Amino acid sequence: MVLAGVTGMAGAAGGALWCAHERPAIRPAMTLDDRLSAAMAAAQDGDTQAYRDLLRDCLPVIAGMARAQGVSVEAVDDVVQETLLTIHKARATYDPARPFLPWLRAITQRRAIDRLRHSGRRPQEVHDPIAYEAHADAGPAPGQRIEARERERSLARAVAALPDGQRQAVEHLALRERSLDETAHLTGRSKGALKVNLHRALKALRKTLSNDKTLSDDGTLADDGAVSKGKGNRDV
Amino acid sequence: MSDGALSAGLRHDRLVEALAGDLTPVRRLPAPSMRALGWFAAALGIGVALLPMADLDALRLRMATPDLRIAAFGAVLTALTAAVAAFQTSVPGRSTAWALLPLAPAALWIGASGAGCLRSWIVPGTDLPDANEMGGCLVFLLGFSLPLSVGLVLMLRRACPLRPNLTAALGGLAAAAAAAALLVPFHPHDATATDLLAHLVMVGLVIGANILAGGRLLSARSPRT
């Protein structure tokens, strides 16, 4: 199950996983709002990379807010674009002492309402109002992309917290789908050791993700040490 | 991934890159209340500068009358609270309930002026303004409302009013109330029904002009409009 989940998410989560692995200090206590607020404060001071990360992080949040506002799937991307432009123009109005998400929500809701008004002005012909009301929405539910991104982050944290050998086994064999030979050549470990490490890593990940463990600031599992210290879970 | 989703992702990536490339450091706007106080201080400065031209003895006598004093205080308070509300609603994420803030002071201002009208009917020998004086008052009010409104709209444009018409209307109320307060030292009459009506028409005119002109100027900040 975990392997399927891990490999299934490999394509989409790969970027997030490597990013998380490259960042030494993962602070799970930092909420989404704190992170975005800090990034906007840095952007106000001219930090281009923080601004780029902020806008990218805002994309699923804006899309979810717009969908919750009643914007159709086809129109969500337009609302996202208009909201990004407004964020850029209004960035001086953000006060880092206040939460970021209400500021973003106010802008998104306004741009969503503008969009709904705009589309409401176009003539629409509906012959069957009940069928129109009951028509299933083809798009994802509001917040789905945010939840997916959170799942990717928790998986990235769990993988990053594994001992080196296990992490390498998961990254090469499960996420990058390399062969045992390739992985053995790249890591310098024997194929047997890689198999054992992968087995232990998957067992640890299954336990970690099913219990929704928290991570300490240095990126290791904080509560029971099942991954890093437990019997039978060391690298080979 | 569908072609549509792919192209949307690319569009977003391009826009993010363009906006990041366009990023320059910005100075955070001071708190809305502080900015409102700045505008109010400027209006107050105009009042202080004009004071030597007024008949201070007559002003002292008029201020001894409770309803005139309360009406003047109400106008000052309306100008301040409407300015605070206008600046608050110009910042995204601030509650629109701020728009209710000037209602009570405005009620005090209009109510006290109305009470003055009743007194003028009851008490004989009230000093009634003629048509020329009334016209002069209106010119004074409109003449001061205009620069005060322009100054306020220019300050509000630095923020990002998401409801430009509401913000402009509050700005209009602030400017009209400030002009009415500035008129007090130069208004040598007791309040009358026609006087009150003229002031109300002027307030309506200033608010309407602000919504028409100021609303458009403020919504020009929005990338859509």
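Since this is a predicted model, take the numbers as computed values, not measurements.

Caption draft 1: Structural view of the overall build of chain B. Helix and strand content of chain B: 8 helices and 0 strands. For chain B, the residues scored as buried account for 46% of the 225 residues in total. Counting contacts in chain B only where the partners sit at least 6 residues apart, residues at least 24 apart contribute 89% of the total. Looking at chain B as shown, the accessible area adds up to about 10800 Å², and 71% of this sits on carbon and sulfur atoms.

Caption draft 2: Highlighting the overall build of chain A. The helix and strand inventory of chain A stands at 11 helices and 0 strands. In sequence order, the secondary structure elements of chain A are arranged as α-α-α-α-α-α-α-α-α-α-α. In chain A, which comprises 236 residues, the proportion classed as buried is 44%. The contacts in chain A between residues at least 6 apart in sequence include a share of 68% that link residues at least 24 apart. For chain A, the accessible area works out to roughly 12400 Å², and carbon and sulfur atoms hold 51% of it.

Caption draft 3: Spatial organisation of the pattern of salt bridges. All chains considered together, the criterion is met by 10 salt bridges over all chains. Lys191(A) is the partner of Asp181(A) in a salt bridge, and the nearest nitrogen-oxygen pair spans 3.0 Å. Of this pair, Asp181(A) sits in helix H10 (residues 180-187) while Lys191(A) is found in helix H11 (residues 191-211), placing the two residues 10 residues apart along the sequence. One salt-bridge network, in which partners are shared between bridges, spans Arg52(A), Arg56(A) and Glu17(B).

Caption draft 4: Layout of the packing of aromatic side chains. Residues and elements named next belong to chain B. For the structure on display, the rule yields 4 aromatic pairs over all chains. For the pair phenylalanine 140 and phenylalanine 144, a centre-to-centre distance of 4.5 Å together with 40° between the ring planes defines the contact as tilted. Of the two residues, phenylalanine 140 and phenylalanine 144 both sit in helix H6 (residues 131-157), 4 residues apart, roughly one turn of that helix. Among the residues examined, phenylalanine 140 registers a relative accessible area of 18% and is labelled buried.

Caption draft 5: Molecular detail of the packing of helix H4 (residues 48-68) of chain A against helix H5 (residues 73-90) of chain A. All names here are of chain A. The interhelical angle for the contact between H4 and H5, taken along N-to-C directions, is 135°, at an axis separation of 9 Å. As summarised for this structure, H4 and H5 are arranged oblique, according to the angle between their axes. Where H4 crosses over H5, the two elements pack in a sense that is right-handed. Seen from H4, the contacting residues are Tyr51, Leu55, Leu59, Ile62, Ala63, Ala66 and Arg67; seen from H5, they are Val73, Val76, Val79, Val80, Thr83, Leu84, Ile87 and His88. Classifying every residue of the contact of H4 with H5 gives 12 nonpolar, 2 polar and 1 charged.

Caption draft 6: Quick look at the confidence of the model for chain B. Residues with a pLDDT of 70 or more make up 82% of chain B, whose mean pLDDT is 82. Here helix H8 (residues 193-219) of chain B stands out as the least confident element of chain B, with mean pLDDT 76; helix H2 (residues 32-50) of chain B is the most confident, with 93.

Caption draft 7: Molecular detail of the confidence of the model for chain A. Residue and element names in this part refer to chain A. When pLDDT is averaged across chain A, the result is 76; 68% of the residues are at 70 or more. Long-range and interchain partners of residues 1-28, a stretch whose pLDDT sits below 50, account for 44 contacts in this model, where long-range means more than four residues apart. Scored below 50 in pLDDT, residues 213-231 makes 38 contacts in the model with residues more than four places away or belonging to other chains.

Caption draft 8: A look at the interface of chain B and chain A. Tallying the contact residues gives 29 residues for chain B and 38 residues for chain A. Taken together, the links from chain B to chain A amount to 4 salt bridges. Note that Asp45(A) is salt-bridged to Arg28(B), the shortest N-O span being 3.6 Å. Across the chain B-chain A interface, the total number found is 13 residue pairs in polar contact (both at pLDDT 80 or more). Looking at the side of chain B that touches chain A residue by residue, the class counts come to 15 nonpolar, 4 polar and 10 charged.

Caption draft 9: Region of interest: a nonpolar patch on the surface. Residues and elements named next belong to chain B. Together, Leu142, Leu197, Val201 and Leu205 make up an exposed nonpolar region whose accessible area comes to about 360 Å². Counting residues per element, the nonpolar patch draws most heavily on H8, at 3 residues. One can find valine 201 in helix H8.

Caption draft 10: Expanded view of H4(A). All names here are of chain A. The terminal C-alpha atoms of H4, which comprises 21 residues, lie 30 Å apart, in line with the 30 Å expected from a rise of 1.5 Å per residue. In the structure, H4 departs most strongly from a straight axis at leucine 59, where the bend amounts to approximately 35° and where the proline proline 60 lies between one and four residues downstream. Along H4, 16 of the 21 residues are buried, which leaves the element largely enclosed by surrounding structure. Here H4 starts with a cap whose side-chain oxygen sits 3.2 Å from the backbone nitrogen of glutamine 49, and that cap is aspartate 47.

Caption draft 11: Structural context of the environment of Ala41(B). Position of Ala41(B) among the secondary structure elements: in helix H2. For the pair Ala41(B) and Leu80(B), spaced 39 residues apart in sequence, the C-alpha to C-alpha distance is 9.5 Å.

Cut-offs and rules
Residues numbered from 1 in each chain as written. Chains lettered and ligands numbered in written order. Predicted model: local features only at pLDDT ≥ 70, side-chain atom pairs only at ≥ 80, totals over all residues. Heavy atoms only, no water. Helix = DSSP H or I, 4+ residues; strand = E, 2+ residues; numbered from the N terminus. Buried < 20%, exposed > 50% of the residue type's maximum accessible area, 1.4 Å probe, protein only. Contact = heavy atoms within 4.5 Å. Areas by Shrake-Rupley, 256 points an atom, 1.4 Å probe, with all protein chains shown as cover. Salt bridge = Lys/Arg side-chain N within 4 Å of Asp/Glu carboxyl O. Phe/Tyr/Trp six-rings, centres within 6.5 Å; stacked < 30°, edge-to-face > 60°. Axes fitted to C-alpha atoms, helices over the stretch in contact; angles between N-to-C directions. Parallel < 35°, antiparallel > 145°, perpendicular 65-115°, else oblique. Left-handed = near helix turned anticlockwise from the far one by under 90°. Nonpolar A, V, L, I, M, F, W, Y, C, P; charged D, E, K, R; others polar. pLDDT = per-residue confidence, 0-100. Polar contact = N/O pair within 3.5 Å; in protein donor to acceptor, adjacent residues only side chain to side chain. Patch = residues over 30% accessible without salt bridge, like charges linked within 9 Å, V, L, I, M, F, W, Y side chains within 5 Å. Expected span 1.5 Å × (residues − 1). Bend = angle between axes of the 7 residues up to and from the residue.

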